[in-house]
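The residues making up each chain are set out below.
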Amino acid sequence: FLHTGIAQATTAVTRTAKPAAVVAKAATVTARRVTTAPLRLRSSSSTAGRVLSTLAARTVVGVVGAAKDGAGRTWYRVRVGGRIGWLAGWYTRSI
């Protein structure tokens, strides 16, 4: 047996979903709004969306998107505290 001293390295590559913090940084803020009441940050633009957190009144958020619900109300997709979620737009005002 002759050993040549050449070692081969193998690297395993694992694909994983991006952490929420990375996704939140990738979203571009197009406007800023402030909450006018305590609001639930939700996973979707509906009161049926899972509650991600509750924001205090006068919390400043960065808007990264918007959608209208079936009643014609505006929901804002926002970035706040490193998270992305949806807020009921009728409880916010522009700043």
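Some words on the packing of aromatic side chains
Turning to step 1, where the next piece is worked out: Per the stated rule, a full pass over the model turns up two aromatic pairs.
Turning to step 2, where the next piece is worked out: Here the aromatic rings of Trp 75 and Trp 90 are separated by 5.2 Å at their centres, their planes lie at 90°, and the arrangement is edge-to-face. Of this pair, Trp 75 sits in strand E5 (residues 74-80) while Trp 90 is found in the loop between strand E6 (83-88) and strand E7 (92-94), placing the two residues 15 residues apart along the sequence.
Turning to step 3, where the next piece is worked out: Exposure remark for Trp 75: the relative accessible area of 2% places this residue in the buried category.

Regarding the side chain of Thr 35
Turning to step 1, where the next piece is worked out: Residue placement: Thr 35 occurs in strand E1 (residues 31-35).
Turning to step 2, where the next piece is worked out: For Thr 35, a relative accessible area of 2% corresponds to the buried category.
Turning to step 3, where the next piece is worked out: For Thr 35, the side chain forms a polar contact with the main-chain nitrogen of Thr 59, separated by 3.0 Å.
Turning to step 4, where the next piece is worked out: Filtering out sequence-adjacent residues up to four positions away, Thr 35 remains in contact with Ala 56, Ala 57, Arg 58, Thr 59, Leu 87, Tyr 91 and Thr 92.

Section: the pattern of salt bridges
If charged atoms from side chains of opposite charge come close, those side chains can pair.
Turning to step 1, where the next piece is worked out: One pass over the full model with this rule turns up one salt bridge.
Turning to step 2, where the next piece is worked out: When the shortest N-O distance is used, the salt bridge between Arg 73 and Asp 69 registers 2.8 Å.
Turning to step 3, where the next piece is worked out: Judged by its relative accessible area of 37%, Arg 73 falls in the partly exposed class.
Turning to step 4, where the next piece is worked out: Note on Asp 69: relative accessible area 18%, which makes it buried.

Quick word on unusual backbone geometry
Leave glycine aside and you will find that most residues have negative phi; peptide bonds, for their part, are mostly trans.
Turning to step 1, where the next piece is worked out: Phi at Arg 58 is positive, roughly 70°, even though this residue is not glycine.
Turning to step 2, where the next piece is worked out: Among the secondary structure elements, Arg 58 is positioned in the loop between strand E3 (51-55) and strand E4 (60-68).

Concerning the confidence of the model for the chain
Turning to step 1, where the next piece is worked out: Averaged over every residue, the pLDDT of the chain is 83; residues scoring 70 or more account for 73%.
Turning to step 2, where the next piece is worked out: Confidence drops under pLDDT 50 across residues 1-23; counting only partners more than four residues distant or on other chains, this segment forms three contacts.

Brief notes about the nonpolar core
Turning to step 1, where the next piece is worked out: Within the largest apolar cluster, 10 residues are counted, these being Leu 39, Leu 41, Leu 52, Leu 55, Val 61, Val 63, Tyr 76, Val 78, Val 80 and Leu 87.
Turning to step 2, where the next piece is worked out: Of all elements in the fold, only strand E2 (39-42), E3, E4 and E5 reach the threshold of two or more residues within this core.
Turning to step 3, where the next piece is worked out: With three residues, E5 is the single largest residue contributor to this core.
Turning to step 4, where the next piece is worked out: Not counting chain neighbours up to four residues away, the residues in contact with Tyr 76 comprise Arg 33, Val 63, Gly 65, Ala 66, Gly 85, Trp 86, Leu 87, Gly 89 and Thr 92.

So, how was this worked out
- Residues numbered from 1 in each chain as written.
- Predicted model: local features only at pLDDT ≥ 70, side-chain atom pairs only at ≥ 80, totals over all residues.
- Heavy atoms only, no water.
- Phe/Tyr/Trp six-rings, centres within 6.5 Å; stacked < 30°, edge-to-face > 60°.
- Helix = DSSP H or I, 4+ residues; strand = E, 2+ residues; numbered from the N terminus.
- Buried < 20%, exposed > 50% of the residue type's maximum accessible area, 1.4 Å probe, protein only.
- Polar contact = N/O pair within 3.5 Å; in protein donor to acceptor, adjacent residues only side chain to side chain.
- Contact = heavy atoms within 4.5 Å.
- Salt bridge = Lys/Arg side-chain N within 4 Å of Asp/Glu carboxyl O.
- pLDDT = per-residue confidence, 0-100.
- Core = buried A, V, L, I, M, F, W, Y, C linked by side-chain atoms within 4.5 Å.

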